[in-house]
Amino acid sequence: MAQRIDVKDLNIYYGDFLAVQDVTMTIDPQSVTAFIGPSGCGKSTFLRTLNRMHEVIPGAAVEGTVEMEGVDLYGPDVDPVAVRRNVGMVFQRPNPFPTMSIRDNVLAGVKLNNRRISRSDAEELVEGSLRGANLWNEVKDRLDKPGSGLSGGQQQRLCIARAIAVKPQVLLMDEPCSALDPISTLAIEDLIGELKQDYTIVIVTHNMQQAARVSDRTAFFNIAGTGKPGRLIEMDETSTIFSSPAQKSTEDYVSGRFG
Amino acid sequence: MTTTTAAASADATELTRALLTAADPRRRRVDRTMRILIWGAFAVAMVPLVSLVWTVLSSGFGRISLDFLTLSMRNIFGGDPSGGIYHAIAGTLVITALATVISVPIGLLTAIYLVEYGRGALARAVTFFVDVMTGIPSIVAGLFAVALFTLILGPGVRIGLIGAVALSVLMIPVVVRSCEEMLKLVPNELREASYALGVPKWLTIVKVVLRTSVAGLTTGILLAVARVIGETAPLLVTVGVTDSINFDPFEGRMMTLPVFAYRQYSQGLATCPGGESATCVPDIAIQNGWGAALVLIVIVLVLNLAGRLVNRWFSPKLR
Amino acid sequence: MTTTASGPPVQAPARRRTRRRTTDRGFNRAFRWIAVGSGVLMLAVLAAVALFLLVQAWPALTASEDDLAASVPRYPADTSLLAYVGPLVFGTLLAAALALALATPVAMGIALFISHYAPPKLAQVLGYLVDLLAAVPSVIYGLWGIFVLGPAVLPVWEWLGQVLGWFPLFAGTVSPTSRVLATVSVVLAVMILPIITAVSREVFLQTPKLHEEAALALGATRWEVVRTAVLPFGRSGVISAAMLGLGRALGETMAVLMILSPGFLYSFKILTSAQHQTIAAYIAADFPEASGLAVNTLVATGLVLFVITLAVNMGARAIVARRKEFSGAN
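The structure presented is a predicted model; accordingly, all values stated were derived computationally and were not measured.

### Observations concerning the overall build of chain B
Link 1 in the chain: When helices and strands are counted, chain B shows 13 helices and zero strands.
Link 2 in the chain: What you see in chain B, going N to C, is helices and strands ordered as α-α-α-α-α-α-α-α-α-α-α-α-α.
Link 3 in the chain: Its C-alpha radius of gyration of 29 Å places chain B more than 25% over the 20 Å reference for a compact globule of 319 residues.
Link 4 in the chain: Referenced to the eigenvectors of the C-alpha coordinate spread, the extents of chain B come out at roughly 110 × 70 × 35 Å.
Link 5 in the chain: The 319 residues of chain B split such that 47% are buried.
Link 6 in the chain: Once local pairs closer than 6 in sequence are excluded, the contacts in chain B between residues at least 24 apart make up 77%.

See the structure below:
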């Protein structure tokens, strides 16, 4: 099940510093939304507010609303832990738990939720998640080996398997391919295409070709200068953004004249 | 049509709300329990530590005076409240200084060896045994020094030098460890830049590596000094005790602050035939002990703070 | 072991390097030899500690039981040296084990508090404070233990003796002086607390942010983050911290010497006085007045303590080394 996200008038702060200003956007379910923009424009920061990971940094705060199917993620009775369980996240650098085997890595999130999961259910979930991440065939013979022994691309797919094993509604990806070689990148991009059948996917990327390849809609963020807040410049169908954007700065950026 | 979509969206909202507010009560409880336990551990630990500092401050402060800091205990008997710890301060400083003079060159050079030259089995062995040496009990270090000097000078000799050697055994591994950490912080680019200019390796180490890390090294050494200056047991068995001032670590017994505190404590109450008076205080020995403890703790604190400040103020910004 | 280790490897790497690098001349070579020499000296010092202790202990190790009984105070007749040292080893291990059991959970709690729970500003201050407390001299802990802690915990000991008197540790008459092994263990625990805390805190702080965020993103509560990311990463560090603390507790002299009313029994009654003594305190108490064979006997007990702490330390290193594969420090 995938769900839509509506962001309204969102301001993001680090202490007194306004990092991202006044973002309003809608993220469609069962689609891939890409965030592009120059370094430091706040796209990763914004991404982290979508699963309340932002607030683990001391002094970080948000104003405005982030609604998932009409429920404000920052509402008073919403549990941030539950938010993160329903909005999965994949990070820039692959981060499997080094102390756990491949199997335990996939089960890490599930084990937090219910301690007792039957052996057969666990095996099924491990296989299903690893298949979902296109990793099963590569690791099925070494599920008990540490996850840190895999290649970078495999580790990243293991992290995706770990994220989808908890059955989230939304999957956030923060530059998931920036630490990977081209072949691993391609594997992840193919995977993203398959995953959008079941999840709402949001991906931050520095690579405009990647945004063009994988996403349905693209949002362009920009920053006026150092110390100024990042802003959402425009958001549209990916084809529109890359062919005939409404804003001059978007056109400059996607055509490589900038940043 | 619109009503069904509206109903569907209302359903979705309800479902989402259920998902997002569904906090598993067991997990919440565990999380809260652990939070309380961890705050509790901290609170429990603070009680003895605060009590310790407070006791030393309050019990020792009353005894501190100019006389206490500048007189020895020579010809002081019973409950006589005159006399002081000058001889103990002098002994502590002399012995610790001597131990530092022995330890720092060996420790620093060993650290240089491990960071700049160390490879292979020898370096691994040195690293391993430095770790092991940090665990040598202080009393064993004292016994070693006694055993060593018994063979050289014969049995029963008690001089400051033996104590300094005992302290060195405890101090060298600490110096090696902290200096090693500091030298590792020097970026390799600096060394390579120096080699590229044709500077030989030993000059690179002396002029670039040591120069860059001098603040950190000073900190490490000060902390190592702070670590051994309060050692009691090895000095008890190596240096003996005395009531007189002795600055010569090669001749005669010396008193040190921690040993003084212990000796005064173990003397217990004095008998005052005429009751408590200006010349006879029954618990003067215990007061002396607390006074010496306070001076000792102040020295340790000052060394620690000095170490931190040196590092903060003088270390170059590497990153 | 130490002497053999310092033999052959000394020259092997150095010789190889000289052959490879022919330009290594003059000051360069001299400086390198000085540095290598200090490294070797480290090994030599440790070997010397073992050797000189052995040399000085030898007369006691080879003396007859009658000679020992004649010249060593409080030496019971017809007892081998081993049987004589036995209760001391027992007392040492018991006190250190109790102290470790008390200190480790609390120290881990404080370390987690400083690294993951406290507000950052407070955490930094606390970090310094813990480091300072690790440097407080042991004689001061001894004074505090006897004058402050002893009277304070006496009611607790009395209560334990009444309510849990059936339990072997709390059996026997509760000493009204509080000069018992239980008090010693608490003081030792307080003494090793800063050391264990300081090391564990360092390890916990080194937990990669990536792993903590991975756990958070899976919907982990703060404690679950600690459990899934921080504790597994820091496990070997905590073990070596605890071992370090154990080594300290085993060798601690002054606090035991000042607090404990000694006895030479294999006894678990930690609330009763005149039951236990530790090696270190025994040496410190008797050494200043000892002479002749008595000195040798004390050095022999010191040698036993040296071997025990050496074993504990080596064990700690071995544990840390064996856990490397899953440690995450690739």
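Picking up after the structure, the text goes on.
### Considerations on the overall build of chain A
Link 1 in the chain: Helix and strand counts for chain A stand at ten helices and ten strands.
Link 2 in the chain: For a compact globule of 259 residues, the expected C-alpha radius of gyration is about 18 Å, and chain A comes in at 18 Å, within 12% of that figure.
Link 3 in the chain: The principal-axis extents of the C-alpha atoms in chain A amount to approximately 55 × 45 × 30 Å.
Link 4 in the chain: At a minimum sequence separation of 6, the contacts of chain A that also span at least 24 residues come to 70%.

### Let's talk about the interface of chain C and chain B
Link 1 in the chain: Each partner contributes to the interface: chain C provides 71 residues, whereas chain B provides 74 residues.
Link 2 in the chain: Tallying contributions element by element places helix 3 (residues 26–62) of chain C first for the side of chain C that touches chain B, with 19 residues.
Link 3 in the chain: The class makeup of the residues in the side of chain C that touches chain B is 54 nonpolar, 14 polar and three charged.

### With respect to the interface of chain A and chain B
Link 1 in the chain: The interface is formed by 14 residues belonging to chain A together with ten residues belonging to chain B.
Link 2 in the chain: Here the element with the most residues in the side of chain A that touches chain B is helix 2 (residues 80–86) of chain A; it accounts for four residues.

### Comments concerning the environment of A:Pro146
Link 1 in the chain: Its location among the elements puts A:Pro146 in the loop between helix 5 (136–139) and helix 6 (152–165).
Link 2 in the chain: Spatially, the C-alpha atom of A:Pro146 lies 29 Å from that of A:Val202, the residues being 56 residues apart in sequence.

### Regarding the environment of B:Leu223
Residue and element names in this part refer to chain B.
Link 1 in the chain: By the element assignment, Leu223 lies in helix 10 (residues 214–229).
Link 2 in the chain: Taking the C-beta count within 10 Å as the criterion, Leu223 has 21 such neighbours and is therefore assigned buried.
Link 3 in the chain: Through-space distance from the C-alpha of Leu223 to that of Ala306 is 9.0 Å; in sequence the pair is 83 residues apart.
Link 4 in the chain: Those residues within four positions of Leu223 in sequence are excluded, and the remaining contacts are Ser178, Asn304 and Gly307.

### What about unusual backbone geometry?
Link 1 in the chain: Residue A:Asp9 is not a glycine yet carries a positive backbone phi of 50°.
Link 2 in the chain: Classification of A:Asp9 as exposed rests on a count of 11 C-beta atoms within 10 Å.
Link 3 in the chain: Phi is positive for C:Ser178, which is not a glycine, with a value near 70°.

### Things to note about the UniProt feature "transmembrane region" (unreviewed entry) in chain B
All names here are of chain B.
Link 1 in the chain: The sites that carry the UniProt feature "transmembrane region" (unreviewed entry) are, in the present numbering, residues 36–64, 84–114, 126–153, 159–176, 208–229 and 290–310.
Link 2 in the chain: Along residues 126–153 the backbone is 86% helical and 0% strand, and the end-to-end C-alpha distance reaches 30 Å.
Link 3 in the chain: Annotation note: span residues 208–229, helix share 95%, strand share 0%, distance between end C-alpha atoms 31 Å.

### Observations regarding the UniProt feature "domain: ABC transmembrane type-1" (unreviewed entry) in chain B
Link 1 in the chain: Under the UniProt annotation, "domain: ABC transmembrane type-1" (unreviewed entry) lies at residues 89–307 of chain B.
Link 2 in the chain: Taken end to end, residues 89–307 of chain B is 74% helix and 0% strand, and its two terminal C-alpha atoms sit 21 Å from one another.

### Overview of the pairing of strand 2 (residues 17–27) of chain A
Both faces of the sheet carry side chains from a regular strand, because those side chains alternate between them.
Residues and elements named next belong to chain A.
Link 1 in the chain: Here strand 1 (residues 5–14) pairs with strand 2 via seven bridges, running antiparallel. Bridging across to strand 2, Ile5 finds its partner in Ile27.
Link 2 in the chain: A loop of two residues connects strand 1 with strand 2, the two strands running antiparallel in sequence, and Gly15 in this loop sits at a positive phi of about 60°.
Link 3 in the chain: With two bridges joining them, strand 2 and strand 10 (residues 230–237) adopt parallel strand pairing. Looking at strand 10, one finds that Val20 is bridged to Gly230.

### Topic: the nonpolar core
Link 1 in the chain: Residues B:Phe144, B:Ala293 and C:Leu188 are the most contacted members of the largest nonpolar core, which totals 285 residues.
Link 2 in the chain: A per-element tally of this core places helix 5 (residues 81–117) of chain C first, with 19 residues.
Link 3 in the chain: Shared between two domains, this core holds at least three residues of each, these being domain 1 (2–62) and domain 2 (78–326) of chain C.
Link 4 in the chain: In contact with B:Ala293, not counting residues within four places along its chain, are B:Val56, B:Gly60, B:Ala261, C:Val139, C:Ile140 and C:Leu143.

### Focus: the environment of A:Ala34
Residue and element names in this part refer to chain A.
Link 1 in the chain: Mapped onto the fold, Ala34 is located in strand 3 (residues 32–36).
Link 2 in the chain: Each C-alpha atom of the pair Ala34 and Glu55 lies 22 Å from the other, and the pair is 21 residues apart in sequence.
Link 3 in the chain: Beyond its immediate chain neighbours, meaning those up to four positions away, Ala34 contacts Ile203, Thr205, Ala211, Val214, Ser215, Thr218 and Thr238.

### Remarks on the packing of helix 13 (residues 284–314) of chain B against helix 7 (residues 138–163) of chain C
A pair of packed helices is captured by two measures, namely the crossing angle of their axes and the spacing between those axes.
Link 1 in the chain: At their nearest, the axes of helix 13 of chain B and helix 7 of chain C sit 10 Å apart, and the two run at 140° to each other. In terms of axis orientation, helix 13 of chain B runs oblique to helix 7 of chain C. Handedness of the crossing formed by helix 13 of chain B with helix 7 of chain C: left-handed. Residues B:Gly289, B:Trp290, B:Ala293, B:Leu296 and B:Ile297 of helix 13 of chain B pack against C:Val139, C:Ile140 and C:Leu143 of helix 7 of chain C.
Link 2 in the chain: Looking at side-chain class alone, the contact of helix 13 of chain B with helix 7 of chain C contains seven nonpolar, one polar and no charged residues.

### A closer look at the sheet that holds strand 7 (residues 170–174) of chain A
Picture the strands of a sheet paired through backbone hydrogen bonds; they go either parallel or antiparallel.
Residues and elements named next belong to chain A.
Link 1 in the chain: Across the sheet, ten strands lie side by side as 5-4-1-2-10-9-3-8-7-6; this open sheet has mixed pairing. With one partner strand each, in any of the chains shown, strand 5 (71–72) and strand 6 (87–90) form the two edges of the open sheet.
Link 2 in the chain: Note: strand 9 (residues 217–223) against strand 10, seven bridges, orientation antiparallel. The residue of strand 10 that forms the bridge with Asn222 is Arg231.

### With respect to the pairing of strand 6 of chain A
Residues and elements named next belong to chain A.
Link 1 in the chain: Side-chain alternation along strand 6 places Val87 and Met89 on one buried face and Gly88 and Val90 on a second face that is also buried.
Link 2 in the chain: Where strand 6 and strand 7 come together, four bridges link them in parallel fashion. Looking at the pairing, Val87 lines up with Val170 of strand 7.

### Some details on helix 2 (residues 25–61) of chain B
Link 1 in the chain: Relative to the 54 Å expected for 37 residues at 1.5 Å per residue, helix 2 of chain B spans 53 Å between its end C-alpha atoms, a close match to the ideal helical length.
Link 2 in the chain: Residue B:Met46 marks the point of greatest curvature in helix 2 of chain B, where the axis turns by about 25°; the proline B:Pro48 follows within four residues.
Link 3 in the chain: Along its buried surface, helix 2 of chain B packs onto helix 13 of chain B together with helix 5, helix 7, helix 8 (181–205) and helix 10 (222–251) of chain C.

### What about the packing of helix 5 of chain C against helix 10 of chain C?
Residue and element names in this part refer to chain C.
Link 1 in the chain: Viewed as axis vectors pointing N to C, helix 5 and helix 10 meet at an angle of 145°, and their least axial separation amounts to 9 Å. Seen from above, helix 5 lies across helix 10 with right-handed handedness. Within the contact between the two elements, helix 5 uses Thr92, Ala95, Ala96, Ala99, Leu100, Ala103, Thr104, Met108, Leu112 and His116 and helix 10 uses Val226, Val230, Val238, Ala242, Gly245, Leu246, Ala249 and Leu250.
Link 2 in the chain: In terms of residue class, the contact of helix 5 with helix 10 is built from 14 nonpolar, four polar and no charged.

### Points about the confidence of the model for chain B
Link 1 in the chain: Counting all residues, the mean pLDDT for chain B is 82, and 95% of those residues have values of 70 or more.
Link 2 in the chain: The spread of mean pLDDT over the elements of chain B runs between helix 1 (residues 2–21) of chain B, the lowest at 71, and helix 4 (residues 86–117) of chain B, the highest at 88.

What counts, and where the lines are drawn
Residues numbered from 1 in each chain as written. Chains lettered and ligands numbered in written order. Predicted model: local features only at pLDDT ≥ 70, side-chain atom pairs only at ≥ 80, totals over all residues. Helix = DSSP H or I, 4+ residues; strand = E, 2+ residues; numbered from the N terminus. Rg over C-alpha atoms; globule rule 2.2 N^0.38 Å. Buried ≥ 20, exposed ≤ 12 C-beta atoms within 10 Å, placed from the backbone. Contact = placed C-beta atoms within 7 Å. Nonpolar A, V, L, I, M, F, W, Y, C, P; charged D, E, K, R; others polar. UniProt positions renumbered as here; feature names shortened; annotations may be inferred. Pairing = 2+ DSSP bridges. Core = buried A, V, L, I, M, F, W, Y, C linked by C-beta atoms within 7 Å. Domains from an automatic or database assignment. Axes fitted to C-alpha atoms, helices over the stretch in contact; angles between N-to-C directions. Parallel < 35°, antiparallel > 145°, perpendicular 65-115°, else oblique. Left-handed = near helix turned anticlockwise from the far one by under 90°. Expected span 1.5 Å × (residues − 1). Bend = angle between axes of the 7 residues up to and from the residue. pLDDT = per-residue confidence, 0-100.

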